[in-house]
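Each chain, letter by letter, is given below.
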Amino acid sequence: MDVDPLDLICPKRYGENGQPHDLLARLRQNSPVHWCEPDGYQNFWAVTRHADIIEVSTQPELFSSEAGNITVLSDQQVADQAKGGSIVANMRTIISMDPPDHRLYRKVASGFFTPRGISQLEQIVNDSAKALFDSLGDEGECDFVDVVAQRHPLRVLATILGIDRNDEERLLVLTQQLLAGDDPDYQRDAGSRYEATQEVGMEFYAMFDRIVKDRRANPSQDLASMLAHAHLPTGEPLGEIEMFGYYLIVFVAGHDTTRNGLSGALEAFLAYPDQLQRLRENPEMAKDAVEEVVRWSAPVNYMKRTALADATVAGQPVKEGDFLVLFYASGNRDEAVFARPHDFDIGRSPNRHLGFGWAEHYCLGAHLARATTQALVSQLAERVIELEPAGPVVRTESNLVVGAKRLPVRYKLRPAA
Ligand code: HEM
């Protein structure tokens with residue numbers, strides 16, 4: 001099968017074309033576990049079918065998140081790792097641990113992220129979405145990413161991590177620099193990309209260090225306080241590196257993903273105005289609409305695993321040390337599981353999408369992400385009178401967390417009820 005593997009992994013192409021859904025569909029059909037040798041990047045197996053992604057995800061002892069990093073590295077990143085890796089890459093976080101450690105460390109914060117834990121944040125989440133819509137006025141034009149999508153999760157995460165409102169703007173810049181590292185618009189000025197990541201990591205560390213010290217002196221109910229006092233289920237206190245890793249992973253895994261989910265929601269409703277109309281007539285569909293947004297937009301495009309032994313995936317032998325890239329964006333549009341998979345349908349049921357991953361590493365923040373997205377979708381249902389594109393969508397140059405970085409819209413809104 002004729003495949004240019006750079007279409008699957010080159011950040012610039014994601015910036016130009018978005019997710020390569022046509023290619024992913026051909027791979028699912030003809031070569032569901034496909035060997036890729038992209039110029040300038042690590043080689044990997046592209047795993048594109050829903051069932052095969054589940055098969056790999058449910059065997060963390062065989063397909064490791066710890067052994068070989070969870071993203072496909074460019075040659076430059078491999079060279080940086082050989083120098084000792086950046087402060088960020090060296091953080092030990094749950095997303096790159098294997099069992100049994102993974103389960104021990106995940107338990108440290110899992111209580112906070114249960115539906116019950118998250119229900120206590122409902123007020124903050126709903127107030128944030130409402131305040132952002134209020135700030136838009138009755139009618140006008142805006143870049144939805146700048147004014148709404150990136151600010152809503154920032155407010156929610158800053159609140160649970162105890163970050164002062166005055167620091168939110170700085171935090172936003174740091175997050176963009178850390179995460180969208182392949183996109184020139186977000187890159188920090190530094191001698192090299194390696195130095196830039198080091199500097200950003202140090203700034204994050206300084207910010208979190210202040211908060212931890214404060215929470216140790218003045219405990220409160222937020223996640224920051226929980227982590228500052230955390231013990232492993234075995235009784236030992238959480239080590240410093242792991243604690244900062246936790247802060248970072250919650251922030252890093254929670255911000256850009258939700259931001260892109262929110263802009264994905266808007267893109268979907270703009271592309272399918274009938275679904276927006278349906279939502280306005282049936283606001284109780286907001287919850288199902290959120291699942292469909294995550295399926296359709298798949299903000300986390302893929303995650304990588306490393307085979308710890310020779311194995312077989314969907315009949316394809318893979319060797320110890322091989323990388324397997326689980327394309328969640330592809331599993332979410334697998335025609336074997338979803339009828340009319342490319343259509344955005346807020347009534348889709350069942351909706352067993354893989355947008356939050358599967359099994360061992362299933363998104364820890366999924367309930368929070370759902371609540372944050374639902375608050376915004378509910379505002380759309382309640383307040384939109386008219387909504388239309390006001391210019392071309394500009395996409396982030398990233399292969400990992402994907403979506404719009406500029407989404408100009410024109411709108412007419414009604415005031416909050
Ligand atoms: C729409 C928004 C979100 C999406 C699409 C998303 C997606 C994902 C996916 C696909 C994974 C699996 C990673 C893997 O397979 O290795 C994951 C893991 C994770 N997510 Fe999310 N996420 C979102 C929001 C959040 C939020 C709001 C938080 C925290 C506040 C969060 C925290 C985490 C953490 C800590 C993990 C690692 C879990 C583990 O390794 O056990 N995510 N997420």
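Everything that follows concerns the structure shown earlier in this document.
Residues numbered from 1 in each chain as written. Predicted model: local features only at pLDDT ≥ 70, side-chain atom pairs only at ≥ 80, totals over all residues. Heavy atoms only, no water.

(A) Just the overall build of the protein chain, in detail. When its secondary structure is counted, the protein chain shows 18 helices and 12 strands. Here the C-alpha atoms of the protein chain give a radius of gyration of 21 Å, agreeing with the 22 Å that 2.2 N^0.38 yields for 417 residues. Taken over the C-alpha atoms alone, the protein chain extends approximately 60 × 55 × 45 Å along its principal axes. When each of the 417 residues of the protein chain is scored for burial, the buried share is 55%. Accessible surface, the protein chain as shown: approximately 17600 Å² in total, 50% of it carbon and sulfur. Considering the protein chain, the positive charge centre built from 42 side chains and the negative charge centre built from 60 side chains are found 3 Å apart. (Helix = DSSP H or I, 4+ residues; strand = E, 2+ residues; numbered from the N terminus. Rg over C-alpha atoms; globule rule 2.2 N^0.38 Å. Buried < 20%, exposed > 50% of the residue type's maximum accessible area, 1.4 Å probe, protein only. Areas by Shrake-Rupley, 256 points an atom, 1.4 Å probe, with all protein chains shown as cover. Lys, Arg positive; Asp, Glu negative; His and termini not counted. Charge placed at Lys NZ, Arg CZ, Asp CG, Glu CD.)

(B) Spatial organisation of empty space enclosed by the protein. The full count for this structure, using the stated rule, is one cavity of 30 Å³ or more. Volume-wise, the largest cavity comes out at about 60 Å³. What lines the largest cavity is Phe-133, Leu-136, Cys-142, Phe-144, Leu-266, Leu-380, Val-384, Leu-387, Val-409, Tyr-411 and Leu-413. At three residues, strand β12 (residues 408-413) tops the list of elements feeding residues into the lining of the largest cavity. (1 Å grid on protein atoms, 1.4 Å probe; cavity = no way out; pocket = protein on both sides within 12 Å on 5 of 7 lines; lining within 4 Å. Points joined across faces, edges and corners; volume = space filled by probe spheres on them.)

(C) Here's a closer look at the coordination of the iron atom of the ligand. In this structure the iron atom of the ligand is ligated by exactly one protein donor, Cys-363 (SG), at 2.3 Å. Relative to the elements of secondary structure, Cys-363 occurs in the loop between α17 (328-331) and α18 (366-383). (Donors = N, O, S within 2.8 Å, 3.2 Å for Na, K, Ca; no water.)

(D) View of the layout of surface pockets. Space inside the second largest pocket adds up to approximately 370 Å³. Lining the second largest pocket we find 16 residues, and of these Lys-287, His-367, Arg-370, Ala-371 and Gln-374 sit closest to its centre. Elements represented by at least two residues in the lining of the second largest pocket include exactly α7 (115-119), α8 (122-134), α16 (286-297) and α18. Top contributing element to the lining of the second largest pocket by residue count: α18, with six residues. Partitioned by chemical class, the residues of the lining of the second largest pocket number six nonpolar, five polar and five charged. (Nonpolar A, V, L, I, M, F, W, Y, C, P; charged D, E, K, R; others polar.)

(E) Spotlight on the sheet that holds strand β1 (residues 33-36). Pairing is mixed in the open sheet, where five strands are placed in the order β1-β2-β8-β5-β3. Edge strands, defined here as strands with exactly one partner in the open sheet, are β1 and β3 (63-64). Together, β1, β2 (44-47), β3, β5 (302-307) and β8 (323-327) form the strand contacts of helix α4 (residues 50-57), whose direction differs from that of β8 by roughly 130 degrees. (Pairing = 2+ DSSP bridges. Contact = heavy atoms within 4.5 Å. Axes fitted to C-alpha atoms, helices over the stretch in contact; angles between N-to-C directions.)

(F) The nonpolar core, seen in detail. Ranked by size, the top nonpolar core spans 48 residues in total, and within it Phe-113, Ile-160, Phe-204, Leu-223, Tyr-246, Tyr-247 and Leu-368 carry the most contacts. Looking at which element gives the most residues to this core, the answer is helix α14 (residues 240-271), with nine residues. Ignoring sequence-local partners within four residues, the contact set of Leu-368 consists of Phe-113, Ile-118, Leu-121, Val-125, Val-156, Leu-157 and Ile-160. Core analysis: the second largest hydrophobic core is formed by 34 residues, Leu-132, Leu-262, Leu-380 and Leu-413 among them. (Core = buried A, V, L, I, M, F, W, Y, C linked by side-chain atoms within 4.5 Å.)

(G) Seen up close, the packing of aromatic side chains. Scanning the model with the defined rule gives 14 aromatic pairs in all. Seen from their ring centres, Phe-204 and Phe-251 are 6.2 Å apart, and the 50 degrees between their planes marks the pair as tilted. With a gap of 47 residues between them, Phe-204 in helix α12 (residues 193-217) and Phe-251 in helix α14 connect regions that are remote in the sequence. Assessed through its relative accessible area of 1%, Phe-204 is described here as buried. (Phe/Tyr/Trp six-rings, centres within 6.5 Å; stacked < 30°, edge-to-face > 60°.)

(H) Region of the structure containing the pairing of β8. Counting buried residues along β8, five of its five residues qualify, which places the element largely inside the surrounding structure. Because side chains alternate across β8, one face comprises the buried residues Phe-323, Val-325 and Phe-327, and the other comprises Leu-324 and Leu-326, equally buried. In the sheet, β2 pairs with β8 via three bridges, with the strands oriented parallel. The residue of β8 that forms the bridge with Val-47 is Leu-326.

(I) Expanded view of the site of the ligand. Surrounding the ligand, one finds 27 residues, the nearest of these being His-102, Arg-106, Tyr-328, His-361 and Cys-363. Between Ile-94 and the ligand, the recorded distance is 3.4 Å, taken from a backbone N or O atom to an oxygen atom. A distance of 2.6 Å separates an oxygen atom of the ligand from a polar side-chain atom of His-361. Counting only elements with at least two residues in the shell around the ligand, the list comes to α6 (101-110), α14, β5 and α18. Among the elements that take part in the shell around the ligand, α14 stands out by supplying five residues, more than any other. Looking at side-chain class alone, the shell around the ligand contains 16 nonpolar, eight polar and three charged residues. (Near = heavy atom within 4 Å. Polar contact = N/O pair within 3.5 Å; in protein donor to acceptor, adjacent residues only side chain to side chain.)

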